[in-house]
Amino acid sequence: MLKKSALSLPISIFVSLLHVGCCIFPLISIAVGSVARFEELTRYKPFFFGLQVLLLVYLGVTLVRFYLGKRLFHSQFENWSYHIAFGIAIAGMILGVFEPFRTEQQVLAQQQFELFRTHRQIQLSVSGKYNSERLKEDITSIKGVKPTSVKINGSSVKATFQSNQVSSARILNTLKKQGYNIIKID
């Protein structure tokens, strides 16, 4: 039984390091001046997360059984090894989920992805007489349209909008209701 408890600590450290590997290993490689790349680990992050959860469940059940009196540890070392392993597993889970050591490139890529995911562009063609300044005001007054993105070039209008706030059909219908002879260009 002592062998099993003695292994709980190194296994906990190993699984935690695997789970946060995409954050910690690049820092270690930078610290030692290496150009090693660990981006491959991010592909396996869901698997490592699963291992981390299984480890937490195992350690948690063992500790709950100990505190309920259904399991006794053979020595003080075994008791401490399970507690320390549980603490390391919790810390690894927190680091793996919140990723506080992300590089600037990773943060920028995440921000770009969020922009790409929520922003769309619409291109419209306007015919007939209209005041371009008034058209720009009418488009920017629609909630979800980014005011700085509205570009009017002759009869062509381009605008960027947040797809979680407004749809291209709603923009088109709003402008038609305001009296513009307008169609969407695909």
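The coordinates are above.
Residues numbered from 1 in each chain as written. Predicted model: local features only at pLDDT ≥ 70, side-chain atom pairs only at ≥ 80, totals over all residues. Heavy atoms only, no water.

Student: Describe in detail the sheet that holds strand β1 (residues 119–127), supporting the description with residues and values.
Tutor: Taking strand neighbours across the sheet as the criterion, the 4 strands line up as β2-β3-β1-β4 in an open arrangement whose pairing is antiparallel. The outermost strands of the open sheet, each flanked by one partner alone, are β2 (151–153) and β4 (181–185). Neighbour-to-neighbour, the strand axes of the sheet open up by a mean angle of 30°, direction not taken into account. Across 3 bridges, the pairing between β2 and strand β3 (residues 156–162) is antiparallel. By the bridge assignment for β3, I152 is matched with V157. Against the sheet, helix α6 (residues 104–118) touches β1 and β3, its axis set at about 40° to β1. (Pairing = 2+ DSSP bridges. Helix = DSSP H or I, 4+ residues; strand = E, 2+ residues; numbered from the N terminus. Axes fitted to C-alpha atoms, helices over the stretch in contact; angles between N-to-C directions. Contact = heavy atoms within 4.5 Å.)

Student: Before we move on, could you go through the nonpolar core and cite the residues and values that matter?
Tutor: One recurring pattern in soluble globular proteins: nonpolar side chains tend to sit buried together. Judged by nonpolar contacts, the single largest core of 17 residues is most densely connected at L124, L135, I139, V145, I171, L175 and I182. Among the secondary structure elements, those contributing two or more residues to this core are β1, α7 (132–140), β3 and α8 (168–177). In this structure V145 touches I139, V150, A159, T160, F161 and I171, once residues within four positions along its chain are discounted. (Core = buried A, V, L, I, M, F, W, Y, C linked by side-chain atoms within 4.5 Å. Buried < 20%, exposed > 50% of the residue type's maximum accessible area, 1.4 Å probe, protein only.)

Student: Before we move on, can you summarise the packing of aromatic side chains with the specific residues and values?
Tutor: For the structure on display, the rule yields 1 aromatic pair. A centroid spacing of 5.1 Å and a plane angle of 65° characterise the contact between F66 and Y67, whose relative ring orientation is edge-to-face. Owing to a relative accessible area of 57%, Y67 belongs among the exposed residues under this scheme. (Phe/Tyr/Trp six-rings, centres within 6.5 Å; stacked < 30°, edge-to-face > 60°.)

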